Amino acid sequence: IEDGEIAALGDLAAYVRNFQVPLEVCPVSNTHTTQMTMAEHPIGQLLRAGFNVSVSTDNRLMSQSSMTFEMEQLVEHQEFTKADLHRLTANAIMASFASLDFKLDLLARAEDAYAD
């Protein structure tokens, strides 16, 4: 990966992106278990490349993380915007196992929460 670009997609990655297979990513935990920094984490590249990415905390106790902290880290280290955070939230809602009516209600609330 160079200059913020995603390398040419292989067949599996193209399938995952094209069919919008949800990817739940836990950036803080990932940085604790790898050598990458938060700035190097691929979540931003995946989101910009059109993958269906959401963010989670993984193991809150071991990573001492929360959803607020995860989002703050993305803003601080990857310059995520309010629109990026809204997209992550909407992706998570739509990937959930909740009923469609409940998802639509949550999406409306998220829209209000992220409104300017």
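Higher on the page you've got the structure.
Calculation rules
Residues numbered from 1 in each chain as written. Predicted model: local features only at pLDDT ≥ 70, side-chain atom pairs only at ≥ 80, totals over all residues. Heavy atoms only, no water. Salt bridge = Lys/Arg side-chain N within 4 Å of Asp/Glu carboxyl O. Helix = DSSP H or I, 4+ residues; strand = E, 2+ residues; numbered from the N terminus. Buried < 20%, exposed > 50% of the residue type's maximum accessible area, 1.4 Å probe, protein only. Patch = residues over 30% accessible without salt bridge, like charges linked within 9 Å, V, L, I, M, F, W, Y side chains within 5 Å. Areas by Shrake-Rupley, 256 points an atom, 1.4 Å probe, with all protein chains shown as cover. Axes fitted to C-alpha atoms, helices over the stretch in contact; angles between N-to-C directions. Parallel < 35°, antiparallel > 145°, perpendicular 65-115°, else oblique. Contact = heavy atoms within 4.5 Å. Polar contact = N/O pair within 3.5 Å; in protein donor to acceptor, adjacent residues only side chain to side chain. Left-handed = near helix turned anticlockwise from the far one by under 90°. Nonpolar A, V, L, I, M, F, W, Y, C, P; charged D, E, K, R; others polar. Core = buried A, V, L, I, M, F, W, Y, C linked by side-chain atoms within 4.5 Å.

**Concerning the pattern of salt bridges**
1) Next: Applying the stated criterion across every chain, the model contains one salt bridge.
2) Next: One salt bridge in this structure joins aspartate 105 and arginine 109, with 2.7 Å as the shortest N-O distance. With aspartate 105 and arginine 109 both in helix α7 (residues 100–114) and four residues apart, the pair spans about one turn of that helix.
3) Next: Given a relative accessible area of 35%, aspartate 105 falls into the partly exposed group.

**What to know about a nonpolar patch on the surface**
1) Next: On the surface, Leu12, Tyr15, Phe19 and Val21 cluster together to form a nonpolar patch covering roughly 450 Å² of accessible area.
2) Next: With respect to the helices, strands and loops of the structure, valine 21 is situated in the loop between α1 (11–18) and β1 (23–25).
3) Next: Among the residues examined, valine 21 registers a relative accessible area of 31% and is labelled partly exposed.

**Side note on the packing of helix α6 (residues 82–95) against α7**
1) Next: The geometry of α6 relative to α7 is characterised by a closest axis approach of 10 Å and an angle of 170° between their N-to-C directions. With respect to their mutual orientation, α6 and α7 come out roughly antiparallel. Of the residues in α7, those touching α6 at Lys82, Leu85, His86, Thr89, Ala90, Ile93 and Met94 are Lys103, Leu106, Leu107, Ala110, Glu111 and Tyr114.

**Some thoughts on the side chain of serine 65**
1) Next: The residue serine 65 is located in the loop between α4 (60–63) and α5 (67–78) in this model.
2) Next: Only 2.8 Å separates the side chain of serine 65 from the side chain of glutamate 70, close enough to count as a polar contact.
3) Next: Among residues more than four places away in sequence, those in contact with serine 65 are Val28, Thr57, Arg60 and Glu70.

**A few points about the packing of α5 against α6**
1) Next: Following both chains from N to C, one finds α5 and α6 inclined at 140°, their axes separated by 11 Å at the closest point. Between α5 and α6 lies a crossing whose hand is right-handed. Each of Met71, Leu74 and Val75 in α5 lies in contact with α6, whose residues at this interface are Leu85, Leu88 and Thr89.
2) Next: Looking at the contact of α5 with α6 residue by residue, the classes come out as five nonpolar, one polar and no charged.

**Notes on the nonpolar core**
A general feature of soluble globular proteins is that nonpolar side chains tend to end up buried together.
1) Next: In terms of nonpolar packing, the biggest core is built from 15 residues, with Ile43, Val53, Val55, Leu74, Phe80 and Leu88 touching the most fellow members.
2) Next: Ranked by the residues each element gives to this core, the list is headed by helix α3 (residues 43–48), at three residues.
3) Next: Beyond its immediate stretch of four places on either side in the chain, leucine 88 contacts Ile43, Leu47, Val53, Ser54, Val55, Met71, Leu74 and Phe80.

**Some thoughts on unusual backbone geometry**
1) Next: Backbone geometry at glutamine 20 places phi at a positive 50°, although glycine is not the residue there.
2) Next: Here glutamine 20 is to be found in the loop between α1 and β1.
3) Next: A positive phi is found at glutamate 79, a non-glycine position, where the angle reads about 55°.
4) Next: Inspection of the secondary structure puts glutamate 79 in the loop between α5 and α6.

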